[in-house]
Amino acid sequence: MPKMPKLPDLEKSLSELSTLIEKMEHGELSLEQSLQQFERGITLIQHARSLLEQAEQKVTFLTAKS
């Protein structure tokens, strides 16, 4: 299985997810490519969720200090 590229920031993750979804919806990929892209999409979603949780924790911490 090919090595996954590094994880981008939130905005790039969301943009890449949008591109992956579009390609998969239009049937532009083989089954193997679709599975690889699906795996990449799951990784990006988990990464984006983690980034959002970290941001939320930071906001909570900062507002609690006020």
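Everything numeric here is computed off the predicted structure, so don't read it as measured data. (Residues numbered from 1 in each chain as written. Predicted model: local features only at pLDDT ≥ 70, side-chain atom pairs only at ≥ 80, totals over all residues. Heavy atoms only, no water.)

S.K.: Help me understand the overall build of the chain in this model?
M.R.: Of the regular secondary structure elements, the chain holds 2 helices and 0 strands. On C-alpha atoms alone, the chain measures out to a radius of gyration of 15 Å, which is more than a quarter above the 11 Å that the 2.2 N^0.38 rule sets for 66 residues. When the backbone C-alpha atoms are referred to their principal axes, the chain occupies close to 55 × 25 × 15 Å. Within the chain, buried positions represent 15% of all 66 residues. Charged side chains of the chain number 8 positive and 10 negative; the gap between the two group centres comes to 11 Å. (Helix = DSSP H or I, 4+ residues; strand = E, 2+ residues; numbered from the N terminus. Rg over C-alpha atoms; globule rule 2.2 N^0.38 Å. Buried < 20%, exposed > 50% of the residue type's maximum accessible area, 1.4 Å probe, protein only. Lys, Arg positive; Asp, Glu negative; His and termini not counted. Charge placed at Lys NZ, Arg CZ, Asp CG, Glu CD.)

S.K.: I'm lost on helix 2 (residues 31–65) in this one. Help?
M.R.: Under the 1.5 Å per step criterion, the end-to-end length of helix 2 is 51 Å for 35 residues, consistent within 8% with the ideal 51 Å. Contact partners of the buried residues in helix 2: helix 1 (10–25). (Expected span 1.5 Å × (residues − 1). Contact = heavy atoms within 4.5 Å.)

S.K.: I would appreciate a short explanation of helix 1 in the present structure.
M.R.: Three or four residues apart is the spacing at which side chains of an α-helix point the same way, because the helix has 3.6 residues per turn. For helix 1, built from 16 residues, the straight-helix expectation of 22 Å at 1.5 Å per residue is met to within 8% by its first-to-last C-alpha distance of 22 Å. Taken together, the buried positions of helix 1 are occupied by Ser13, Leu17 and Leu20. Buried residues in helix 1, looked at end-on, bunch into an arc of 65°, giving them a common side. Every exposed residue of helix 1 that faces more than 90 degrees away from the buried side is listed here: Glu11, Lys12 and Glu25. The positive-phi residue at the C-terminal boundary of helix 1 is Gly27, with phi of around 65°. (Arc of directions from axis to C-beta.)

S.K.: Help me understand the environment of Ala55 in this model?
M.R.: Mapped onto the elements of the fold, Ala55 is located in helix 2. Here Ala55 falls in the partly exposed class, since its relative accessible area comes to 40%.

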